[in-house]
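Tertiary structure, described
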Amino acid sequence: MIIPTPSRSSPRPGSYALGPDTPLHVADPALAPVARVLREQLLPGTGCTLPPGRGGIELGLDAELAAAAGARTGDGTGAGAEAYRLTVAPDGIRIAAGGPAGAFYGVQSLRQLLPPHTLRRTALDEGPWELGCVEIEDRPRFAWRGVLLDVARHFFTKRDVLRLLDQMALHKLNVLHLHLTDDQGWRLEIRRYPRLTEVGSWRTESQPGWNDTGDGRPHGGYYTQDDVREIVAYAAARHILVVPEVDVPGHTRAALAAYPELGNTGEQLRVATGWGVKPDILNVSDATLDFVRRVFDEVVELFPSPIISVGGDECPKDQWKASPAAQARMAELGLRNEDELQSWFLRQVSDHLRAHGRQLLGWDEILEGGPPPAATVVSWRDNHGAVRAAREGHRVITSPARRVYLDYRASDSPDEPVPVGTVLPVEEVHAFEPVPAELAGTPAADLVIGAQCGLWTEAIDNVRALDYQAFPRLSAFAETVWCAAERDPADFAERLAHHLRRLEALGVEYRRPEGPRPWQRRPGVRGRPVTMAEYLAEVEADTRNIR
Ligand code: ACM
């Protein structure tokens, strides 16, 4: 009944009773942090303190598991560290792992062997809980098992982010891609440029549905640098990498509102209050590039991630076309068009990140004028970016909007509380295959290091709405990146029915199988679902508009 389902699970005769007196033995000091999280996670809902001792749960390392080939990483590193074997026997529970990550995943599976109510914040009974004997062998299929959270369109508090990290950990997801800046808000304290948050983190109002006027309510918020340190450390204890995204050179209206000299027109702009792609982008002066470098200096100081996202998506070039300074820059550099100018811009950022020992991550638009060397590409506009990037030797993360953007409506019911027309039911998420068919069986497929789902938040303005959009589709997504390509939808449906009780115990307000309730309907949403053909036409039109 575990989600994501383990690679192999073999029931054995007998059972083990886990109770308040069950001890914990940690066989390797490298696993002490995993033991700490295990105690933290188990204590509230079971009352188990797991005193040190033998004959209960044992955590250990296994060199054979560590050496075995595991998840795709593109370069083969770290493969077996996420593998684990979980054995429930009449005389105790053993978790043997290739590395601390594997031990952590073994612990997450163990939590799912217990009754759902043991995931609550307080113990509803004292146990003991009988666990049927079993031997589980498990390892992920992909190295990158990501969730994107957009905290720019709507701000989610530090508490909300920590809560999402807990939910991700239960599902063995290991990358939180945090979209920190956009036209509608700048969410990261940058000491050198205080106006980014003083001015850029607030807007006067929001647009509740795509076709509506503003709601008249100010919205904003940002993370202090200490908030970020806390989020990063909390994630690391759960084997989750936080990958920050500061989107440049487009999606920068909030920064331009704070520092108009970064723009192309000199106009004093306001932080955007409506959605959609804005024409306002950074200029290409030395001073602006220096600003970008100084911002990334603070970003790399805060986020230990070896990979840092510069966004690079949806950057309309009209202002550069109209700007004598941008045109002069293009001429000076011998560039043929504005796509190449964006490539040059991102190359400067990439070089700077490399000087810090970090690599650049960008959306598939970075391919248009030629991507920086060694860039990793997140492909979101269907799969053509993934196919091109992998064939050109870049590492790829697939995140096709139509298949894994969880802010899309979950059914064609007009009561779905989101204005996004595209319908993406849970079954379709579960059927998602991260490796594009065009690459399957070719060497380039090895460059697909995983996939990530997207929680864009134009239509998600609070944590209850976030729960509704994310779950249970995020549980389905977890299977697509952890499990083998062949997955049985009926088996998933059965496990999901049980898993919903876990989500309930955790206080996750998932979307009910019967659909939205009347009180979840929101005013002003565009209720009409679109067909696949209409959707593809929209994608094409959008792509034309942003070129
Ligand atoms: C994106 O959805 N604009 C990456």
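Everything quoted here is computed from the prediction, not taken from an experiment.

1. Details of the overall build of the chain
Helices and strands together make up the secondary structure of the chain, namely 18 helices and 18 strands. Taken over C-alpha atoms, the radius of gyration comes to 24 Å for the chain, in line with the 24 Å a tight globule of 547 residues would show. Expressed along its principal axes, the backbone C-alpha trace of the chain runs to roughly 75 × 50 × 45 Å. A burial count over the chain gives 59% of its 547 residues as buried. Sequence separation of 24 or more characterises 74% of the internal contacts of the chain that already satisfy a separation of 6 or more. When the accessible surface of the chain is split by element, carbon and sulfur atoms take 52% of a total near 20,600 Å². Averaging the positions of the 61 positive and the 75 negative side-chain charges in the chain gives two centres separated by 1 Å.

2. Observations regarding the sheet that holds strand β17 (residues 396-398)
Strand order in the closed barrel formed by 8 strands is β7-β8-β13-β14-β15-β16-β17-β18, and the pairing between neighbours is parallel. Along the sheet, successive strands turn relative to each other by an average axial angle of 25°, direction set aside.

3. Some thoughts on the packing of aromatic side chains
Enumeration according to the criterion identifies 10 aromatic pairs in this entry. Taking 6.0 Å as the distance between ring centres and 70° as the angle between the ring planes, the aromatic pair formed by Phe 104 and Tyr 105 counts as edge-to-face. According to the relative accessible area criterion, Phe 104 is buried, its value standing at 0%. Put simply, the rings of Trp 363, Trp 380, Tyr 405, Tyr 408 and Trp 456 pair up and form one aromatic cluster. A cation over a ring is seen here: Lys 172 above Trp 482, with NZ or CZ 5.6 Å from the ring centre. The lysine or arginine in question, Arg 512, covers the ring of Tyr 510, its NZ or CZ lying 4.6 Å from the ring centre.

4. Regarding helix α1 (residues 32-46)
For α1, which comprises 15 residues, the first-to-last C-alpha distance of 21 Å matches the rise-based estimate of 21 Å (1.5 Å per residue) to within 8%. Those residues of α1 not exposed but buried are Val 34, Ala 35, Val 37, Leu 38, Gln 41, Leu 42, Gly 45 and Thr 46. Within α1, the buried residues cover an arc of 165° as seen down the axis, which keeps them to one side. Of the surrounding secondary structure, the elements contacted by the buried residues of α1 are β2 (24-26), β3 (57-61), α3 (100-113), β6 (129-138) and α6 (225-237). Phi turns positive one or two residues past the end of α1, at Gly 47, with a value near 75°.

5. Regarding the nonpolar core
For soluble globular proteins, nonpolar side chains are generally found buried alongside one another. In this structure, Leu 196 and Phe 345 are the most contacted members of the largest nonpolar core, which totals 154 residues. Top contributing element to this core by residue count: helix α8 (residues 286-302), with 8 residues. Among all residues touching Leu 196, those that are not within four sequence positions of it are Trp 186, Ile 190, Ser 201, Ala 255, Ala 258, Tyr 259, Phe 291 and Val 295.

6. Focus: the sheet that holds β3
Sheet strands pair via backbone hydrogen bonds, and the direction of the pair is either parallel or antiparallel. Taken in spatial order, the 6 strands of this open sheet run β1-β6-β4-β5-β3-β2, and their pairing is mixed. A single partner strand is all that each edge strand has here, and the edge strands are β1 (8-18) and β2. Averaged over neighbouring strand pairs, the angle between their axes works out to 20° when direction is ignored. Against the sheet, α1 engages β2, β3 and β6, with an angle of about 165° to β2.

7. Points about the side chain of Thr 181
Looking at where Thr 181 falls in the secondary structure, it is placed in strand β9 (residues 181-182). Among the polar contacts listed, one links the side chain of Thr 181 to the backbone nitrogen of Asp 247, at a separation of 3.0 Å. Not counting chain neighbours up to four residues away, the residues in contact with Thr 181 comprise Ala 152, Trp 186, Glu 245, Val 246, Asp 247 and His 251.

8. Some words on the environment of Arg 502
You can see Arg 502 is positioned in helix α17 (residues 489-505). In the structure, Arg 502 is positioned 183 residues away from Gln 319 in sequence and 50 Å away in space, judged by C-alpha atoms. Discounting chain neighbours no more than four positions away, the residues touching Arg 502 are Met 1, Ile 2, Ile 3, Gln 112, Pro 116 and Leu 119.

9. Observations concerning the pattern of salt bridges
Here the structure, examined in full by the defined rule, presents 34 salt bridges. The partner of Asp 297 in a salt bridge is Arg 294, and the shortest N-O contact between them spans 2.8 Å. Note that Asp 297 and Arg 294 are positioned in helix α8 at a spacing of 3 residues, about one turn of the helix. Residues Arg 495 and Asp 491 are paired through a salt bridge, measuring 3.0 Å at the closest nitrogen-oxygen approach. Remark: Asp 491 and Arg 495 occur in helix α17; sequence separation between them is 4 residues, near one turn of the helix. With a relative accessible area of 30%, Asp 491 lands in the partly exposed category. Put simply, Arg 8, Asp 62, Arg 85 and Glu 137 are held in one network by salt bridges that share partners.

What counts and how
Residues numbered from 1 in each chain as written. Predicted model: local features only at pLDDT ≥ 70, side-chain atom pairs only at ≥ 80, totals over all residues. Heavy atoms only, no water. Helix = DSSP H or I, 4+ residues; strand = E, 2+ residues; numbered from the N terminus. Rg over C-alpha atoms; globule rule 2.2 N^0.38 Å. Buried < 20%, exposed > 50% of the residue type's maximum accessible area, 1.4 Å probe, protein only. Contact = heavy atoms within 4.5 Å. Areas by Shrake-Rupley, 256 points an atom, 1.4 Å probe, with all protein chains shown as cover. Lys, Arg positive; Asp, Glu negative; His and termini not counted. Charge placed at Lys NZ, Arg CZ, Asp CG, Glu CD. Pairing = 2+ DSSP bridges. Axes fitted to C-alpha atoms, helices over the stretch in contact; angles between N-to-C directions. Phe/Tyr/Trp six-rings, centres within 6.5 Å; stacked < 30°, edge-to-face > 60°. Lys NZ or Arg CZ within 6 Å of the ring centre and 35° of its normal. Expected span 1.5 Å × (residues − 1). Arc of directions from axis to C-beta. Core = buried A, V, L, I, M, F, W, Y, C linked by side-chain atoms within 4.5 Å. Polar contact = N/O pair within 3.5 Å; in protein donor to acceptor, adjacent residues only side chain to side chain. Salt bridge = Lys/Arg side-chain N within 4 Å of Asp/Glu carboxyl O.

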